[in-house]
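Architecture and fold: a report
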Amino acid sequence: MIGRLAGRIDYRAADHVLIDVRGVGYLVYCSERTLRALPGVGEHVALYTDLLVREDLLQLYGFNTLAEKEWHRLLMSVQGVGAKASLAILGTLGPDGVGRAIALGDWNAVKAAKGIGPKTAQRVVNELKDKAPEVMAMAAVSSQAAPAPDAEGDVIEPAIPATPSAAPSGPGAQAEALSALTNLGYAPGEAAGAVAQAAGDAPEAETAELIRLSLRLLAPKG
């Protein structure tokens, strides 16, 4: 399994790049948003990758952050959402926007992606709403982009980061939950109040659970 690529960009196309890694060229498909963030031809780049394996196909997809890669994997788990649809959603909303739309039940935002109909958008929100806090916690703990390669480049499977929810509800977990909620668009004071109440109600709650509890407190009543 190829989990990360680092090398030099040989050429760019509308939906993919060719990355030269020590003489071997890898075609990597990316969302429009990810492609816009990449450097120019001849420059070095590093991307987290996910390998799609089918009977008639081996295809790599590239992402700037581990959270973006995880959202891709979750989106692909929804019936009717393939790799192309997942990249369309991520390209339109970005990983933070996907988390915001799903956590808030905003399927209209998901529907804004090219090729995504209302039924598919609703299915995405309904099937992934319980998983959103975990990915949001991951983004809050570690939002780093793929480390920049050296001039030689490399191909490695990255170490799997510690599960964000492994930390109990201490100051660190509360700060991570607060960061995730402010990324959703909640005012800092409003988010801080919800996180403090959630932490008081569940002192042993982990980061993802704090996010989940806070979202319930912030949800419109009635």
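Scope of this entry: the structure provided in the associated data block. In this text the structure is predicted, and so the values were computed from the model without any measurement.

Definitions and limits used
- Residues numbered from 1 in each chain as written.
- Predicted model: local features only at pLDDT ≥ 70, side-chain atom pairs only at ≥ 80, totals over all residues.
- Heavy atoms only, no water.
- Helix = DSSP H or I, 4+ residues; strand = E, 2+ residues; numbered from the N terminus.
- Buried < 20%, exposed > 50% of the residue type's maximum accessible area, 1.4 Å probe, protein only.
- Patch = residues over 30% accessible without salt bridge, like charges linked within 9 Å, V, L, I, M, F, W, Y side chains within 5 Å.
- Areas by Shrake-Rupley, 256 points an atom, 1.4 Å probe, with all protein chains shown as cover.
- Salt bridge = Lys/Arg side-chain N within 4 Å of Asp/Glu carboxyl O.
- Expected span 1.5 Å × (residues − 1).
- Arc of directions from axis to C-beta.
- Axes fitted to C-alpha atoms, helices over the stretch in contact; angles between N-to-C directions.
- Left-handed = near helix turned anticlockwise from the far one by under 90°.
- Contact = heavy atoms within 4.5 Å.
- Nonpolar A, V, L, I, M, F, W, Y, C, P; charged D, E, K, R; others polar.
- Pairing = 2+ DSSP bridges.
- Phe/Tyr/Trp six-rings, centres within 6.5 Å; stacked < 30°, edge-to-face > 60°.

Excluding glycine, most residues fall at negative phi; most peptide bonds, likewise, are trans. The backbone phi angle of Arg 22 is positive, close to 55°, even though this residue is not glycine. Here Arg 22 shows up in the loop between β2 (16-21) and β3 (24-29).

Turning to the side chain of Thr 34, a few remarks are in order. Note that Thr 34 resides in helix α1 (residues 32-37). Judged by its relative accessible area of 2%, Thr 34 is buried.

A cluster of nonpolar side chains, Tyr 11, Leu 27 and Val 41, forms an exposed patch at the surface whose accessible area comes to about 260 Å². As for its position among the elements, Val 41 is in the loop between α1 and β4 (44-54). Val 41 gets classed as exposed once you look at its relative accessible area, which sits at 53%.

Next up on the list: helix α8 (residues 188-201). For an α-helix, the turn length of 3.6 residues means that residues three or four places apart are oriented alike. For α8, spanning 14 residues, the distance from its first C-alpha to its last is 20 Å, which sits close to the expected 20 Å at 1.5 Å a residue. Ala 191, Ala 194, Val 195, Ala 198 and Ala 199 are the residues of α8 that are buried. Viewed along the axis of α8, the buried residues span an arc of 130°, placing them on a single side of the element. Facing away from the buried side of α8 by more than 90 degrees, the exposed set consists of Gly 189, Gly 200 and Asp 201.

Here we come to the packing of helix α2 (residues 66-76) against helix α3 (residues 83-103). The angle between the axes and the distance between the axes are what describe a pair of packed helices. As a packed pair, α2 and α3 sit with axes 9 Å apart at the nearest point and diverge in direction by 115°. Once α2 is placed against α3, the crossing between them reads as right-handed. Across the interface between the two elements, Glu 68, Trp 71, His 72, Leu 75 and Met 76 from α2 touch Ala 83, Ser 86, Leu 87, Ile 89, Leu 90, Pro 95, Val 98, Gly 99 and Ile 102 from α3. In terms of residue class, the contact of α2 with α3 is made up of ten nonpolar, three polar and one charged.

Tallying each qualifying case throughout the model produces six salt bridges. Two residues, Asp 10 and Arg 8, come together in a salt bridge whose shortest N-O distance is 2.9 Å. Judged by relative accessible area, Asp 10 falls into the partly exposed class, the value being 32%. Close ionic contact of Glu 134 with Arg 212 constitutes a salt bridge, the shortest N to O distance being 2.9 Å. Note that Glu 134 is positioned in helix α6 (residues 132-141) and Arg 212 in helix α9 (residues 207-218), a separation of 78 residues in sequence.

Turning our eyes to something else, we now look at the pairing of β3. Pairing of β2 with β3 involves six bridges; the strand directions are antiparallel. Along β3, the bridge assignment pairs Ile 19 with Tyr 26. The antiparallel hairpin formed by β2 and β3 contains two residues in its connecting segment, where Arg 22 sits at a positive phi of about 55°. The pairing of β3 with strand β5 (residues 57-63) spans two bridges and is parallel. What sits directly across from Val 28, in β5, is Leu 60.

This brings us to the packing of aromatic side chains. Taken as a whole, this structure holds one aromatic pair when the rule is applied. Pairing Tyr 29 with Tyr 61 gives two aromatic rings, centres 6.2 Å apart and planes at 50°, and the pair type is tilted. In this pair, Tyr 29 sits in strand β3 while Tyr 61 sits in strand β5, placing the two residues 32 residues apart along the sequence. A single burial state applies to Tyr 29 and to Tyr 61, both of which are buried.

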